[in-house]
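Letter by letter, the chains look like this.
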Amino acid sequence: MQAYSQRERLLSRYLSYIPFIKKLAKYAYMVLMYQFYRKKDKFLSDYEINRVYNDYNFESFGGYYDKNPQNNNNGLVLCHLSNHSTSRTPNSRYPIYVSVIDLDNHCLRWKKTTKAFNWQQGARLQWLDNSLFAYNDFDEHKMLFITKVIDINNFKEANIYNKPIQDSFGNKYFLSLNYQRLYTLRPEYGYDNLGSMTNNDLNEIDDDGIWKVDFKTGKEQLLISLKKIIELQYKSWYSKVHHKVNHIMISPDGSHFIFIHRCFRKGRRIDRLICADSESGDMKVLSDNEMVSHCCWLDNREILGFLRGDNKVDGYWLIDINSNEKHIIDLFNNDFYGDGHPTTDGKRVIIDCYPDKARIQHLWCFDLDKKVN
């Protein structure tokens, strides 16, 4: 495995101050390293891999790493299906399907088109409980992104909400954000149905931010505005850039959630990790060292995230949301494979990585108590 060295990582960080040069240099270096380190042998999995649905007319994907597509109560799996290439830019004129696949019988139980999707997070397709799942769609009459809830007992719509879902706490409530703003500032995470926002619209921060929607009553409230987020440990240059939020993740008990506050300064991405109370919306900054990437909740108190620590070291950090204490953990025994997508059951963590110099991705399972591979 050809990990990137500390010198290479530092060079990449310095180049982030000149994003255009970094993009060109990164691509050229990636091609060069691949030619040098590429593998000639074929690699076979140690595990048996089986197709669960045999329709070769579709490409398929589950969605984002933070959602388990499987309903362990009845062997059903949520899945996105596309008969258009996922290597092309997603386009709402060519809808994809949200679907339910029966693992036991290897058959399709249900599918429906949606026009609100991207390749990174799909339509935010997710289980609410053993009987209900939700996903995003676009209402062309109201010109709104909406959430649809489906009951698997009859595969009919149980409800529709006039806000798109980002994350849910079971069937109690869900949190929503502005997917048009996401499309404007980070297209691969947004939806293109409404096009891009104007600069004037992007500057309207009083009535934009994070919404909370009650599943039972349908009540909507702007829990945290972008204005309040920006005012939290305000920096003078905040007024000169556009802001967005993404990657909302609710704690296992539903009492808190984390999200990334992100903006772009002279083309360079600046991140903060923020934790908020799901009732009051009270916030605290957990990390403010310019880089935050993928995170997960380990329990109701602790978060594992790939981010830059106060000592300016990039890696996987454990953060206590109550005390804000942080410490880095050496998952890879001093090797560095960079960012990944951590998923946990509270004791073990599965993490992948971006391709190494040979363009090979790796998958690890760690016991966090022992902090060994």
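Remember, predicted model here, so these are calculated numbers, not experimental data. (Residues numbered from 1 in each chain as written. Predicted model: local features only at pLDDT ≥ 70, side-chain atom pairs only at ≥ 80, totals over all residues. Heavy atoms only, no water.)

A. Up close: the sheet that holds strand β21 (residues 326–328). Ordered by their spatial adjacency, 4 strands build an open sheet running β18-β19-β20-β21, and the pairing between neighbours is antiparallel. Looking at the sheet topology across the chains shown, the edges are occupied by β18 (292–297) and β21. Put simply, the sheet's adjacent strands are angled 25° from each other on average, direction ignored. (Pairing = 2+ DSSP bridges. Helix = DSSP H or I, 4+ residues; strand = E, 2+ residues; numbered from the N terminus. Axes fitted to C-alpha atoms, helices over the stretch in contact; angles between N-to-C directions.)

B. Region of the structure containing the sheet that holds strand β13 (residues 220–225). Spatially, 4 strands are ordered β10-β11-β12-β13 in an open sheet, and the strand pairing comes out antiparallel. Strands at the two margins of the open sheet, each flanked by one partner only, are β10 (167–169) and β13. Direction aside, the axes of adjacent strands within the sheet are offset by 25° on average. Summarising the sheet, β10 and strand β11 (residues 173–176) pair through 3 bridges and their orientation is antiparallel. The residue of β11 that forms the bridge with D167 is L175.

C. Region of interest: the environment of G254. Locating G254 in the fold gives a position in the loop between β14 (243–250) and β15 (256–265). In this structure G254 comes out as buried when scored by relative accessible area, which is 7%. Placed 75 residues apart in sequence, G254 and I329 show a C-alpha to C-alpha distance of 26 Å. Other than its neighbours up to four places away in sequence, G254 contacts F169, Y173 and S278. (Buried < 20%, exposed > 50% of the residue type's maximum accessible area, 1.4 Å probe, protein only. Contact = heavy atoms within 4.5 Å.)

D. Summary view of the pattern of salt bridges. With the rule as written, the count across this model stands at 17 salt bridges. The salt bridge partner of D314 is R308, with a shortest N-O separation of 2.7 Å. For D310, the salt bridge is made with K326, and the minimal N-O distance between the two is 3.9 Å. Of this pair, D310 sits in the loop between β19 (302–308) and β20 (314–320) while K326 sits in strand β21, and the two are 16 residues apart along the sequence. Salt bridges sharing common partners tie together D137, K148 and E157. (Salt bridge = Lys/Arg side-chain N within 4 Å of Asp/Glu carboxyl O.)

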